[in-house]
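Below, each chain spelled out in residue letters.
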Amino acid sequence: MKRILTVVLAALMLTGISASAQAKWGVTAGLNFNTSKFSEVDVKAKTGWSVGGTCLLDLPLGFSVQPSLIYHQKGANLTNEISQTMGYLELPVSVQWGPDLLIFRPFVDVTPFIGYAISNEAYGDFSFSGIKDFSSWEGKERFEYGLGIGGGINVWKLQVIARYNWNFGSLYNVEGWNDIKDHFSDLKTDNRNFQGLTLSLALLF
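Because the structure is a prediction, the values reported are computed rather than measured.

Chemist: Looking at this structure, how should I read the overall build of the protein?
Modeler: On a plain count of helices and strands, the protein comes out with two helices and eight strands. Listed N to C, the secondary structure of the protein is α-β-β-β-β-β-β-β-α-β in terms of helices and strands. Buried residues in the protein amount to 44% of all 205 residues. When the accessible surface of the protein is split by element, carbon and sulfur atoms take 64% of a total near 10700 Å².

Shown next, in the form of structure tokens:
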């Protein structure tokens, strides 16, 4: 976790490297297709969305840095009975490289991110499981951190990015995870947070 935070802070510091660098501000929105791994239990992907603000700073040698502040809705469907949805206030910092081809600019990116859950909802029939307060914060870890790798293209004032995000934090703390395992006998030791593919569109000014 310390390494991820160090990368995030270093990337943010790059935004102040050059006063002459060209900065573009904008808005971004997108869709995500997230799931969460619970060993042998069938967890299906759930479509969510994101929206927020972003700033693109061009650097020398084809590099650029793009921090964003977004609301990111994530979730998963557990065995067709439970649908879990959580909303995170998230800070991704995209470090990009790509050649400027005048009309457009393709690029690859590496994006460390941190986030904090601010909404938590669960839907379905919970009587079969015996789990109490599944949609409460009790037993859950609200802080998240991870890394995304992907690519995109800038055309005029538009930017499109496709990225796969790995979340290294746990969705449940020890107490919460033990409670989940008590009611789902197929679970083993895997307690992984939401991760998956994101597609985003930004308008830069």
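Let's pick the thread back up.
Chemist: Quick question: what am I supposed to make of the layout of surface pockets here?
Modeler: Empty pockets left among the atoms are what a rolling probe the size of a water molecule brings to light. Its boundaries defined by the atoms lining it, the largest pocket holds a volume of some 300 Å³. Lining the largest pocket we find 18 residues, and of these Lys24, Asp58, Asp100, Arg105 and Asn154 sit closest to its centre. Of all the secondary structure elements, the ones that give two or more residues to the lining of the largest pocket are β2 (43-58), β3 (63-78), β5 (104-124) and β6 (143-155). For the lining of the largest pocket, the class distribution of residues is nine nonpolar, five polar and four charged.

Chemist: Help me understand the pattern of salt bridges in this model?
Modeler: Inspection of the entire model under this criterion finds three salt bridges. We note a salt bridge from Asp109 to Arg163, for which the minimum N-O separation is 2.7 Å. With Asp109 in strand β5 and Arg163 in strand β7 (residues 158-167), this residue pair connects regions lying 54 residues apart in the sequence. Here the two residues Asp109 and Arg163 agree in accessibility, since each one is buried.

Chemist: Explain the packing of aromatic side chains here, please?
Modeler: Aromatic ring pairs are defined here through the distance separating the ring centres and the angle between the ring planes. What the rule picks out here adds up to three aromatic pairs. The ring of Tyr88 has Lys74 sitting right over it, with the charged end atom 5.2 Å from the ring centre.

Chemist: So what exactly am I meant to see when it comes to the side chain of His72 here?
Modeler: For His72, the position within the fold is in strand β3. A polar contact of 3.0 Å, which involves the side chain of His72, links it to the side chain of Asn32. With sequence-adjacent residues up to four places away left out, His72 is seen in contact with Asn32, Asn34, Trp49, Ser50, Met86, Gly87, Tyr88, Glu90 and Thr198.

Chemist: Just to check I follow, could you spell out unusual backbone geometry for this structure?
Modeler: Among all residues except glycine, the phi angle is most often negative; among peptide bonds, the trans geometry is most common. A positive phi angle, close to 70°, is found at Leu102, a residue other than glycine. Following the sequence through the fold, Leu102 ends up in the loop between β4 (82-97) and β5. In this structure Leu102 comes out as exposed when scored by relative accessible area, which is 78%.

Chemist: Even after reading the chapter, I still don't get the nonpolar core, so can you show me in this structure?
Modeler: Within soluble globular proteins, side chains that are nonpolar tend to cluster in buried spots. Membership of the largest hydrophobic core is limited to seven residues, which are Ala76, Met86, Tyr88, Ala117, Leu171, Tyr172 and Phe194. In contact with Met86, other than residues within four places in its own chain, are His72, Gln73, Lys74, Ala117, Ser119, Asn120, Trp137, Lys140, Leu171 and Phe194.

Chemist: Can you walk me through the side chain of Lys46 in this structure?
Modeler: Within the secondary structure, Lys46 sits in strand β2. In this structure Lys46 is buried but unpaired, with Glu121 as the nearest side chain of opposite charge at 8.4 Å.

Chemist: Please clarify how the environment of Asn32 should be interpreted in this entry.
Modeler: Residue placement: Asn32 occurs in strand β1 (residues 23-35). Once you skip the residues sitting within four places of it in the chain, Asn32 turns out to touch Lys46, Thr47, Gly48, Trp49, Ser50, His72, Gln73, Lys74, Leu197 and Thr198. For Asn32, the side chain forms a polar contact with the side chain of Asn34, separated by 2.4 Å.

Chemist: Please explain empty space enclosed by the protein as it appears in this structure.
Modeler: Enumeration according to the criterion identifies two cavities of 30 Å³ or more in this entry. Looking at the largest cavity, its volume works out to about 300 Å³. In terms of lining residues, the largest cavity is bounded by 23 residues, among which Ser68, Ile70, Pro92, Arg163 and Ser200 are the most central. If one sorts the elements of the lining of the largest cavity by residue count, β3 sits on top with five residues.

Chemist: Help me out: how do you make sense of the environment of Leu31 in this one?
Modeler: Checked against the element boundaries, Leu31 lands in strand β1. Leu31 sits in the partly exposed class, given a relative accessible area of 44%. Each C-alpha atom, one on Leu31 and one on Thr198, is 5.9 Å from the other, the two residues being 167 residues apart in sequence. Filtering out sequence-adjacent residues up to four positions away, Leu31 remains in contact with Gly48, Trp49, Leu197, Thr198 and Leu199.

Thresholds applied
- Residues numbered from 1 in each chain as written.
- Predicted model: local features only at pLDDT ≥ 70, side-chain atom pairs only at ≥ 80, totals over all residues.
- Heavy atoms only, no water.
- Helix = DSSP H or I, 4+ residues; strand = E, 2+ residues; numbered from the N terminus.
- Buried < 20%, exposed > 50% of the residue type's maximum accessible area, 1.4 Å probe, protein only.
- Areas by Shrake-Rupley, 256 points an atom, 1.4 Å probe, with all protein chains shown as cover.
- 1 Å grid on protein atoms, 1.4 Å probe; cavity = no way out; pocket = protein on both sides within 12 Å on 5 of 7 lines; lining within 4 Å.
- Points joined across faces, edges and corners; volume = space filled by probe spheres on them.
- Nonpolar A, V, L, I, M, F, W, Y, C, P; charged D, E, K, R; others polar.
- Salt bridge = Lys/Arg side-chain N within 4 Å of Asp/Glu carboxyl O.
- Phe/Tyr/Trp six-rings, centres within 6.5 Å; stacked < 30°, edge-to-face > 60°.
- Lys NZ or Arg CZ within 6 Å of the ring centre and 35° of its normal.
- Polar contact = N/O pair within 3.5 Å; in protein donor to acceptor, adjacent residues only side chain to side chain.
- Contact = heavy atoms within 4.5 Å.
- Core = buried A, V, L, I, M, F, W, Y, C linked by side-chain atoms within 4.5 Å.
- Lys, Arg positive; Asp, Glu negative; His and termini not counted.

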